[in-house]
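Descriptive structure summary
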Amino acid sequence: MPDTAPVILSDDPASFPHSVLAERHPALIRKVRDAFPYGPGEHRALDALLKSAIEGAIEPLDGDAWWESWGVDEYVGRSWFEVPFLWSESYFYRRLLLAVGYFGPGPWQGVDPFRPFKLAELDTPEAAEEIAALDRLADRPVEEQRKALLHGSLWGNRADLGFRIQANDEEDEKAATPELVADDSESLWPLLTGGTLFLVADNAGRELIPDLLLIDHVLRHNSVDRVVLHLKPHPYYVSDATTADTVDAVRHLVTTGTPAGRRLWKAMADGRVEPRAHPFSCGPLPYADMPDDLREEFATADLTVMKGDLNYRRLVGDLLWPPRTPFTSPTAYFPTPVAALRTLKSDVIVGLDAEVEAALVATEEQRWRTSGTHALIQVRGAGTPPRTPAHPMV
Ligand SMILES: O=P(O)(O)OC[C@H]1O[C@](O)(CO)[C@@H](O)[C@@H]1O
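In the annotation of an unreviewed UniProt entry, the protein chain is listed under the name Protein-glutamate O-methyltransferase family protein and assigned to Streptomyces phyllanthi. On record in UniProt, under Cofactor (unreviewed entry), the comment for the protein chain is "Mn(2+)".

Let's shift gears to the overall build of the protein chain. Broken down by element type, the protein chain carries 17 helices and seven strands. Whereas a compact globule of 394 residues would reach a radius of gyration of roughly 21 Å, the protein chain reaches 21 Å, a difference of no more than 12%. Dimensions of the protein chain along its principal axes, counting C-alpha atoms only, are 60 × 50 × 40 Å. Every one of the 394 residues in the protein chain was classed for burial, and the buried ones make up 44%.

The immediate surroundings of the ligand are formed by Val20, Arg24, Glu89, Asp202, Asn203, Tyr237, Gly308, Asp309, Leu310, Arg313, Lys345 and Ser346. If one sorts the elements of the shell around the ligand by residue count, helix H16 (residues 308-316) sits on top with four residues. A class-by-class count of the residues in the shell around the ligand yields three nonpolar, three polar and six charged. In this structure, the shell around the ligand is formed jointly by two domains, domain 1 (16-113) and domain 2 (120-380), each of which donates at least three residues.

What follows deals with the nonpolar core. Core analysis: the biggest nonpolar cluster contains 101 residues, and Leu197, Leu199, Leu212 and Ala339 have the highest contact counts within it. For this core, the leading source of residues is helix H5 (residues 85-99), giving nine residues. For leucine 212, the residues in contact, after removing those within four places along its chain, are Ala249, Val250, Leu253 and Leu264.

Turning to the domain arrangement of the protein chain, a few remarks are in order. Segmentation of the protein chain into domains returns domain 1 (16-113) and domain 2 (120-380). The straight-line distance from the C-alpha centre of domain 1 to that of domain 2 is 28 Å. Looking at the side of domain 1 that touches domain 2 element by element, the count peaks at seven residues for H5. Looking at the side of domain 1 that touches domain 2 residue by residue, the class counts come to 13 nonpolar, one polar and one charged.

It is worth spelling out the pairing of strand S2 (residues 196-200) at this point. Regular strands place their side chains on alternate faces of the sheet. Counting buried residues along S2, four of its five residues qualify, which places the element largely inside the surrounding structure. With helix H12 (residues 208-221) bridging S2 and its parallel neighbour strand S3 (residues 226-230), the resulting β-α-β unit is right-handed. Bridge count for S2 against strand S5 (residues 303-307) is four bridges, and the pairing is parallel. Residue pairing in the sheet places valine 200 in a bridge with methionine 306 of S5.

Per-chain confidence: the protein chain averages 91 in pLDDT, with 91% of residues scoring 70 or above. Across residues 159-177, confidence stays below pLDDT 50; counting only partners more than four residues off in sequence or on other chains, it has 27 contacts. With pLDDT under 50 throughout, residues 385-394 is counted as low confidence; its partners more than four residues away or in other chains account for 26 contacts.

The next thing to look at is the packing of helix H8 (residues 142-155) against H12. Here H8 crosses H12 at 150 degrees, and the two axes come no closer than 8 Å. By the angle between their axes, H8 is roughly antiparallel relative to H12. Viewed along their axes, H8 and H12 form a crossing whose handedness is left-handed. Facing Val142, Gln145, Arg146, Leu149, Leu150, Gly152 and Ser153 of H8, the residues of H12 in contact are Pro210, Asp211, Leu213, Leu214, His217 and His221. Looking at the contact of H8 with H12, its residues break down into six nonpolar, five polar and two charged.

On to the sheet that holds S5. Where strands meet in a sheet, backbone hydrogen bonds hold them as pairs that are either parallel or antiparallel. Reading across the sheet, the seven strands line up as S1-S7-S6-S5-S2-S3-S4 and stay open at both edges, with mixed pairing between neighbours. A strand with exactly one partner marks an edge of an open sheet, and here the two such strands are strand S1 (180-183) and strand S4 (273-276). In this sheet, adjacent strand axes meet at a mean angle of 15 degrees when their direction is disregarded. In the packing of H12 onto the sheet, the strands contacted are S2, S3, S4 and S5, and the crossing angle to S2 comes to about 175 degrees.

As for its placement among the helices and strands, serine 346 is situated in the loop between strand S6 (338-343) and helix H17 (354-364). Taking the C-alpha atoms as reference, serine 346 lies 10 Å from valine 20; in sequence the two are 326 residues apart. Among all residues touching serine 346, those that are not within four sequence positions of it are Phe16, Asp309, Arg313 and Thr370.

Now for unusual backbone geometry. In most cases, non-glycine residues show a negative phi, while peptide bonds are predominantly trans. Omega for the bond connecting glycine 104 with proline 105 falls within 30 degrees of zero, at 0 degrees, which places this linkage in the cis form. Notably, tyrosine 237 is not glycine yet its phi reads approximately 40 degrees, a positive angle. For tyrosine 237, the location among the structural elements is in the loop between S3 and helix H13 (243-255). Even without glycine at this site, valine 238 takes up a positive phi of about 60 degrees. Examined against the element boundaries, valine 238 turns out to sit in the loop between S3 and H13. On the basis of neighbour counts, which here come to 17 C-beta atoms within 10 Å, the residue valine 238 falls in the partly exposed class.

Definitions and cut-offs
- Residues numbered from 1 in each chain as written.
- Predicted model: local features only at pLDDT ≥ 70, side-chain atom pairs only at ≥ 80, totals over all residues.
- UniProt positions renumbered as here; feature names shortened; annotations may be inferred.
- Helix = DSSP H or I, 4+ residues; strand = E, 2+ residues; numbered from the N terminus.
- Rg over C-alpha atoms; globule rule 2.2 N^0.38 Å.
- Buried ≥ 20, exposed ≤ 12 C-beta atoms within 10 Å, placed from the backbone.
- Near = placed C-beta within 6 Å.
- Nonpolar A, V, L, I, M, F, W, Y, C, P; charged D, E, K, R; others polar.
- Domains from an automatic or database assignment.
- Core = buried A, V, L, I, M, F, W, Y, C linked by C-beta atoms within 7 Å.
- Contact = placed C-beta atoms within 7 Å.
- Right-handed = clockwise from strand over helix to strand, strands pointing away.
- Pairing = 2+ DSSP bridges.
- pLDDT = per-residue confidence, 0-100.
- Axes fitted to C-alpha atoms, helices over the stretch in contact; angles between N-to-C directions.
- Parallel < 35°, antiparallel > 145°, perpendicular 65-115°, else oblique.
- Left-handed = near helix turned anticlockwise from the far one by under 90°.

Here you go:
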C-alpha cells in the first residue's frame, strides 16, 4: 500500500471541494449576515471576504503566529481553489471570524456567529425524543445500551436513539448495517476497559448530546476513570463544539431532568470529564503535523476517539487514498490506539473491504463518499508501532 496519496484540492469545478468553496461558503456568509444586526463595518468586511473567497487570493493574517506556523505566508497570492482543500476551508472560517469582529477588540468580540444555529438544534422535537428514548434504554442490558449509545453518537442527528431502541435486532440489521461501510466496534469495547479516554468532539447541539451520553455511560459501566473532551477554542465549521456549547448541552440535559446531566455536571466539577481546547484543533493541518505539546498530551490517553468527518480527514490526511488502504497505515503515527466514528461527508476514505467498495460504486458511483448516508467505525488498537508519515504540502 502507498505511504501517501494525492492531496485533495478544490480546483476541479465538478468536484465536491469546489462546490464547498464556490457555493457553501457564500451561502454561509449570507446566513451569518442575516442572523445578526451587524454594523456597516462588519457588512463591508463580509463583502470583501465573499469577493476574496470566490475570485481573490489568499491574504496574510498579519501577526497571527499560529497561522504563520501553519503556512499562510507560503500560500499568500494563490487562489483559494489551488491550495489544499483542508487548508482553505479552515482559512475561510478564520477569515469569517475576523470579518465579524470575533477576535476584537470591539463590541462583537467573542460573539459566536454560529450560536443561534447551534442553540436552535437543542430545542428540536428530535432532540427531545432522543432524550426521552434514554428512559426506555435504562431497562435494557448494558451491551444493548452501549451499542445504542455508540450508534447514537456515530449518527449524530441522523439515526436517533429512538430508532435504535424501537427496532428489533433483525430490523436493526436491515436498517443500519448496510449503512455502515466498516464496523470495528467489537475491537473498540476491549479498549474501553479503564484509564483515560480522549474524545475529540465534532459538532455541538444534537451530535454533542449523544456524545455526552456515551461519555456518561463509559464512566459508569466501562471503568473508564477519566474523559478528556477535546473541543474547539473558538467557533469553527459552523457547528463545531466549543466549551460554551458544551455547557449549553450539559445544562440542557440538566434542565430537561435527564439524570446523566447531573452526573456529567458533577464529573466536570470533579475533573473526571475535562474539557480541553488546543489552538491546533482549529488549525488547517492533519494531526500528523500536530505540535509536540499536543502529541505528548494525546500520548497520555489509553484510547482516542475522533468524531466526525473533519477529524477523520485530519487523522488519515486529506488525501485521495485508495479506499482499500488499511486504516492502520495512515494512522500508525498516532501516539495511542485510535478510533474514528464518522459519517461520510467528504472524498477521503480508507479501510474499505474490496466487496464493500465494489458494491458502493456499483450502486452509487462515487456519491457515497459525500452524501452523509453512510458511516464507519474504524479502530486501530495497540500494537502498531508509531511512525511519522509523509504528508505532502502542495
Ligand atoms: O461536521 P463534520 O462531520 O466534521 O463534517 C464537516 C464536513 O463538512 C464539510 O465542510 C463539507 O461541507 C467537509 O468538508 C467537512 O469534512
